[in-house]
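Each chain, letter by letter, is given below.
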Amino acid sequence: MPALQLLFLACLVWGMGARTAQFRKANDRSGRCQYTFTVASPNESNCPREDQAMSAIQDLQRDSSIQHADLESTKARVRSLESLLHQMTLGRVTGTQEAQEGLQGQLGALRREQDRLETQTRDLEVAYNNLLRDKSALEEEKSQLEQENEDLARRLESSSQEVARLRRGQCPPTQYPSQDMLPGSREVSQWNLDTLAFQELKSELTEVPASQILKENPSGQPRSKEGDKGCGVLVWVGEPVTLRTAETIAGKYGVWMRDPKPTHPYTQESTWRIDTVGTEIRQVFEYSQISQFEQGYPSKVHVLPRALESTGAVVYAGSLYFQGAESRTVVRYELDTETVKAEKEIPGAGYHGQFPYAWGGYTDIDLAVDESGLWVIYSTEETKGAIVLSKLNPENLELERTWETNIRKQSVANAFVICGILYTVSSYSSARATVNFAYDTNTGTSKTLTIPFTNRYKYSSMIDYNPLERKLFAWDNFNMVTYDIKLLEM
């Protein structure tokens, strides 16, 4: 019955679109009841022929075959997906332990990689901080060199202007030499310092012929009348002998010394060295023997309680004397006890580039030692840049006596004292320089000299006299050298 109802409903739906419809009920040949429903086609005027009906049936079969193939393909894919899902479900259960072990291995590798990266990061941070410190030191040194360059430019301009002014004028008459001076030399005229007329532009240079004051020994080297003992005036400087060469840029210029009056535990061989390139100079290298100094193996390194400045330090009677950085203070540092024993400001002394030697280097205050003791060489505003020489008490650094010279400090390369006589060197860079001026504290007079002096390495930043060894010590462009000298007894 349900089928008949559905058939009847379909006929009604189909009949809605037909023009005419007929329903008939009759028995067939076998006597069974047969219902017949007839409806006219809305589109076709007549029924198709048999061949056309077969074609339509074949088309329907082909479509059915294609749909069947698609269905089978879909079923195959579904079965494949179900199998894959089943395998994955089984693998999840059986592979849990292996997966955990694999994950733990990967986690350990990641932790090791993290530790390695953290170590590299720390190393990079340390290297970066070191680079920052080096950069800061280089910037400070660059600033210092720029300041020195500016000072040199100003001095050059000032000298050029003074040369031009002097060319337009006339030089004042010079005085005749006094009887107590060496033959062939002349005393420097006592110029009025208010006119800024200093010796390097106005004095008359006269050579001192060695033949007039010396007798030559068979080897051709000059000698004094009665050997090398006793005080006298400088008449000859030998060729430099190189003892040591600095290893780094910090040794471009510096100071080295031996004690002419050694005290226990030090000896005549004890040597000290200070590299003065850079800022915050505090290290003093000590060598017990000359061989240690020549080989570069210090026996001790002192770290000064305050930084020093320039190349003007000396060692005398067991103490190091030096100028404190950026100050006019002279410091006495006892080497054996490593303590500061005295400090003293030099009244009115220029410092930190006000009145240095010609090569610069903040050499405003230069300490010196001779047979009579400790000296300090400097300049002041009152003397308008002329050299001032003072005798110092080595215990408390009090000024015992002072002399004002007419030698302009910035026009000479360096200075030293022998037997109470101040000597200056004409150039720090010329290979053939001269000891060009002398000021005698005993007579208060100056004179010009032309004693040959060799700057073998063409950058002498320190020249000192050692009265015990009767030699000049110098620092020439990384090289520590000595010069033999000859004195003519007074």
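It should be emphasised that the depicted structure is a prediction, and the values quoted were computed from it without experimental measurement. (Residues numbered from 1 in each chain as written. Predicted model: local features only at pLDDT ≥ 70, side-chain atom pairs only at ≥ 80, totals over all residues. Heavy atoms only, no water.)

Engineer: Mind laying out the sheet that holds strand S16 (residues 373-379), listing which residues take part and the relevant values?
Structural biologist: Spatially, four strands are ordered S15-S16-S17-S18 in an open sheet, and the strand pairing comes out antiparallel. Looking along the sheet, the strands with just one partner apiece sit at the ends: strand S15 (366-370) and strand S18 (399-408). With direction set aside, neighbouring strand axes in the sheet form an average angle of 25 degrees. Of the strand pairs in this sheet, S16 and strand S17 (residues 386-392) are connected by six bridges, and their pairing is antiparallel. Paired with Leu374 across the bridge in S17 is Leu392. (Pairing = 2+ DSSP bridges. Helix = DSSP H or I, 4+ residues; strand = E, 2+ residues; numbered from the N terminus. Axes fitted to C-alpha atoms, helices over the stretch in contact; angles between N-to-C directions.)

Engineer: For the state of the cysteines, give the residues involved together with the corresponding values.
Structural biologist: Within this structure, the stated rule accounts for one disulfide. The disulfide bridge from Cys231 ends at Cys419, spanning 2.3 Å between sulfur atoms. With the S-S dihedral at roughly -95 degrees, the linkage between Cys231 and Cys419 falls on the left-handed side. Note that Cys231 is positioned in the loop between strand S4 (222-223) and strand S5 (232-237) and Cys419 in the loop between strand S19 (414-418) and strand S20 (421-425), a separation of 188 residues in sequence. (Disulfide = S-S within 2.5 Å.)

Engineer: Can you lay out the sheet that holds strand S13 (residues 329-334) for me, pointing to particular residues and giving the numbers?
Structural biologist: Each strand in a sheet pairs with its neighbour through backbone hydrogen bonds, running either in the same direction (parallel) or in the opposite one (antiparallel). The four strands lie next to each other as S11-S12-S13-S14, forming an open sheet whose pairing is antiparallel. Each edge of the open sheet carries a strand with a single partner, namely strand S11 (314-316) and strand S14 (339-345). Taking each pair of neighbouring strands and ignoring which way they run, the sheet shows an average axis angle of 25 degrees. As judged from the five bridges shared by strand S12 (residues 319-323) and S13, these two strands associate in the antiparallel manner. Of the residues in S13, the one forming a bridge with Gln323 is Val330.

Engineer: Outline the confidence of the model for the protein chain, supporting the account with residue identities and numerical values.
Structural biologist: For the protein chain, mean pLDDT is 78; residues scoring 70 or higher make up 68% of the total. Taken together, the stretch residues 9-19 has pLDDT below 50 and engages in five contacts with residues farther than four places along the chain or on a different chain. Across residues 170-228, where pLDDT falls below 50, the model places 106 contacts with residues more than four positions away in sequence or in other chains. (pLDDT = per-residue confidence, 0-100. Contact = heavy atoms within 4.5 Å.)

Engineer: I'd like a description of the pattern of salt bridges, backed by residues and values.
Structural biologist: Summed over all chains, the structure comprises 13 salt bridges. With a shortest N-O distance of 3.9 Å, Arg456 and Glu239 are connected by a salt bridge. Of this pair, Arg456 sits in the loop between strand S22 (445-454) and strand S23 (460-466) while Glu239 sits in the loop between S5 and strand S6 (241-245), and the two are 217 residues apart along the sequence. We note a salt bridge from Glu247 to Arg244, for which the minimum N-O separation is 1.9 Å. Classification of Glu247 by relative accessible area gives exposed; the value is 53%. Members of the salt-bridge network, linked through shared partners, are Arg244, Glu247, Arg273 and Asp275. (Salt bridge = Lys/Arg side-chain N within 4 Å of Asp/Glu carboxyl O. Buried < 20%, exposed > 50% of the residue type's maximum accessible area, 1.4 Å probe, protein only.)

Engineer: Outline the side chain of Thr276, supporting the account with residue identities and numerical values.
Structural biologist: Within the secondary structure, Thr276 sits in the loop between strand S8 (271-275) and strand S9 (281-287). Among the polar contacts listed, one links the side chain of Thr276 to the backbone oxygen of Tyr253, at a separation of 3.1 Å. If we skip the residues at most four places from it in the chain, Thr276 touches Ala250, Tyr253, Gly254, Ile281, Leu308, Ser310 and Thr311. (Polar contact = N/O pair within 3.5 Å; in protein donor to acceptor, adjacent residues only side chain to side chain.)

Engineer: So what's going on with unusual backbone geometry? Residues and values would help.
Structural biologist: Of note, the bond from His264 into Pro265 is cis; its omega dihedral lies within 30 degrees of zero at 10 degrees. Looking at the element boundaries, Pro265 is found in the loop between strand S7 (254-258) and S8. A positive phi angle is found at His352, which is not glycine, with a value near 55 degrees. A relative accessible area of 30% places His352 in the partly exposed class. Even without a glycine there, the phi angle at Arg470 is positive, about 55 degrees. With respect to the helices, strands and loops of the structure, Arg470 is situated in the loop between S23 and strand S24 (471-476).

Engineer: Quick one: what's the story with the side chain of Glu286, residue by residue and with numbers?
Structural biologist: Residue position: Glu286 is located in strand S9. Of the side chains with opposite charge, Lys300 comes closest to the buried, unpaired Glu286, at an N-O distance of 5.2 Å. Polar side-chain contacts of Glu286 include one of 3.4 Å to the side chain of Tyr266. Aside from chain neighbours lying at most four places away, what touches Glu286 is Tyr266, Thr271, Trp272, Pro298, Ser299, Lys300 and His302. (Lys, Arg positive; Asp, Glu negative; His and termini not counted.)

Engineer: So what about the pairing of strand S25 (residues 479-489)? Which residues, and what values?
Structural biologist: Counting buried residues in S25 gives nine out of eleven residues, a clear majority hidden from the surface. Where S5 lies against S25, five bridges are found, and the strand directions are antiparallel. Directly across from Val233, in S25, lies its bridge partner Leu488. Direction of pairing for S6 relative to S25: antiparallel, over a ladder of four bridges. Residue pairing across strands places Arg244 opposite Met480, the latter belonging to S25. Examined bridge by bridge, S24 and S25 share six bridges and lie antiparallel to one another. Bridge pairing in S25 links Trp475 to Met480.

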